[in-house]
Amino acid sequence: MMLTPQDALSGVVRSIVDTALGPIQFRSAGAGAQVTHVLLHGIGSASASWAYQLGAAVGRNDVRVLAWDAPGYGRSASLPMAEPSAQDYAQRLWAWLDALYVSQPVLLAGHSLGALMAASAARAASARVSRLVLLAPARGYGDASDAERERVVQGRLSNLQQLGPQGMAQARGAAMLSPQAAPALQDAVRETMAQIDPSGYTQAVHMLGRGRLAHDLQTWTGPLVIASGEADTVTTPDACDALVQALPQAAKTVRISLGPVGHACPLEAADVVNPLLGLPVLA
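This is a predicted model, so every value here is computed, not measured.

(A) Summary view of the sheet that holds strand 6 (residues 129-135). Taken in spatial order, the 8 strands line up as 1-2-4-3-5-6-7-8 in an open sheet, and their pairing is mixed. This sheet does not close on itself; its edge strands, each paired only once, are strand 1 (13-17) and strand 8 (254-257). Ignoring which end each strand starts from, the neighbouring axes of this sheet average 20° apart. Sheet topology note: the strand 3 (residues 37-40)/strand 5 (residues 106-111) ladder contains 4 bridges and is parallel. Pairing of Val38 across the sheet is with Leu108, part of strand 5. The strands touched by helix 3 (residues 86-99) within the sheet are strand 1, strand 2 (24-29), strand 3, strand 4 (65-69), strand 5 and strand 6, with strand 4 carrying the most contacts at an inclination of about 130°. Sheet strands touched by helix 9 (residues 237-245): strand 7 (224-228) and strand 8. Its angle to strand 7, the strand with the most contacts, is close to 165°.

Structure, rendered in structure tokens:
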């Protein structure tokens, strides 16, 4: 039987570091001399969503894996502006890694909204990224019509106001996974979503509204992997295919199907995601 996400996080260290732009909370695993992997979670999530990737690094000397709680999540300081852009999160990302003295290029992986942060970070400092892996990537609504952008932003904010984090977790948790997902995964998704900070989530919603993933990827020339599940109803396979086709480097982009899994693919498809990241699969 596969470990539960909670068990997978056993041995993973949770820390806070002060940066030039405010404190960041994060989880880390592995005893490698250099940071090798940096993992960015989605909008209704946190660093715990990378449980199986962090757990796979525990006890290893060849990797060091970091997963942050994005600004406004956990005990990470919120951004100073009410409606931040992906670039604002990217600046905080590099300030965090500077505070940890990360000097070598890293594999940068973003899930869902984290893909917007990862792409913007790679655009700002491409030499610091060895490989870009985008899982179930959110494209953002910066190129959508004003009406569509307003519908998405206000819809999410209305849900937050009406339901609160715990209500959202109960209402949306199941949609993050396939119908076949194990109960332990469903519990983990709901537990993490129930702990989001409303102010941090509100900032992230505004970033989603402004995000332009395809635009931020235009100048990226390094290795790029875009992967998603066939049962993902949030960022559908067709939407991910369309993203690839919109990129000038489409022919060089590796497009991966993660199988019959839902949106929370780092949890539900760890047996496929981990090899994509160069990590072992937890038994």
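(B) Just the pairing of strand 5, in detail. Counting buried residues in strand 5 gives 6 out of 6 residues, a clear majority hidden from the surface. Here strand 5 shows two buried faces, one formed by Val106, Leu108 and Gly110 and the other by Leu107, Ala109 and His111. For strand 5 and strand 6, the ladder comprises 6 bridges, and the chain directions are parallel. Across the sheet, His111 pairs through a bridge with Leu135, a residue of strand 6.

(C) Structural context of the environment of Ser126. The topology assignment puts Ser126 in the loop between helix 4 (113-124) and strand 6. On the accessibility criterion, Ser126 (43% relative accessible area) is partly exposed. Sequence separation of Ser126 and Trp220 is 94 residues, and the distance between their C-alpha atoms is 7.2 Å.

(D) Summary view of unusual backbone geometry. Backbone geometry at Tyr101 places phi at a positive 60°, although glycine is not the residue there. Topologically, Tyr101 is positioned in the loop between helix 3 and strand 5. Using a relative accessible area of 71% as the deciding quantity, one classes Tyr101 as exposed. A positive phi angle is found at Ser112, which is not glycine, with a value near 55°. Position of Ser112 among the secondary structure elements: in the loop between strand 5 and helix 4.

(E) How the structure looks around helix 3. Taking 1.5 Å per residue, 14 residues should reach 20 Å; helix 3 reaches 20 Å between its end C-alpha atoms and fits that length. Here helix 3 lies mainly inside the structure; 10 of its 14 residues are buried. Residues of helix 3 that are buried include every one of Ala86, Asp88, Tyr89, Ala90, Arg92, Leu93, Trp94, Ala95, Trp96 and Leu97, and no others. Where helix 3 ends, the next residue or the one after it, Tyr101, has phi of about 60°, a positive value.

(F) Quick look at the side chain of Gln203. Take Gln203: it is sitting in helix 7 (residues 198-210). A distance of 2.7 Å separates a polar side-chain atom of Gln203 from the backbone oxygen of Met81. Those residues in contact with Gln203 that sit more than four places away from it in its chain are Ser78, Leu79, Met81, Ala82, Pro84 and Tyr89.

(G) Up close: the nonpolar core. Counting residues in each nonpolar core, the largest one holds 58 residues, and the members touching the most others are Val38, Trp68, Leu93, Trp96, Leu108, Leu132 and Leu134. Of the residues forming this core, the biggest block, 8 residues, is contributed by helix 4. In terms of nonpolar packing, the next biggest core, distinct from the first, is built from 41 residues, Ala56, Val65, Ala136 and Ala270 among them.

(H) Molecular detail of the pattern of salt bridges. According to the stated counting rule, one finds 7 salt bridges in the structure shown. In this structure, Arg212 and Asp143 form a salt bridge, with 2.9 Å as the shortest nitrogen-oxygen distance. Taken together, the residues span a long stretch of sequence, with Arg212 in the loop between helix 7 and helix 8 (213-216) and Asp143 in the loop between strand 6 and helix 5 (146-172) at a distance of 69 residues. The class for Asp143 is exposed, based on a relative accessible area of 55%. With its nearest N and O atoms 2.9 Å apart, the salt bridge here joins Arg151 to Glu148. Placement of both Arg151 and Glu148 in helix 5 is noted, with a separation of 3 residues, approximately one turn of the helix. With a relative accessible area of 28%, Glu148 lands in the partly exposed category.

Cut-offs and rules
- Residues numbered from 1 in each chain as written.
- Predicted model: local features only at pLDDT ≥ 70, side-chain atom pairs only at ≥ 80, totals over all residues.
- Heavy atoms only, no water.
- Pairing = 2+ DSSP bridges.
- Helix = DSSP H or I, 4+ residues; strand = E, 2+ residues; numbered from the N terminus.
- Axes fitted to C-alpha atoms, helices over the stretch in contact; angles between N-to-C directions.
- Contact = heavy atoms within 4.5 Å.
- Buried < 20%, exposed > 50% of the residue type's maximum accessible area, 1.4 Å probe, protein only.
- Expected span 1.5 Å × (residues − 1).
- Polar contact = N/O pair within 3.5 Å; in protein donor to acceptor, adjacent residues only side chain to side chain.
- Core = buried A, V, L, I, M, F, W, Y, C linked by side-chain atoms within 4.5 Å.
- Salt bridge = Lys/Arg side-chain N within 4 Å of Asp/Glu carboxyl O.

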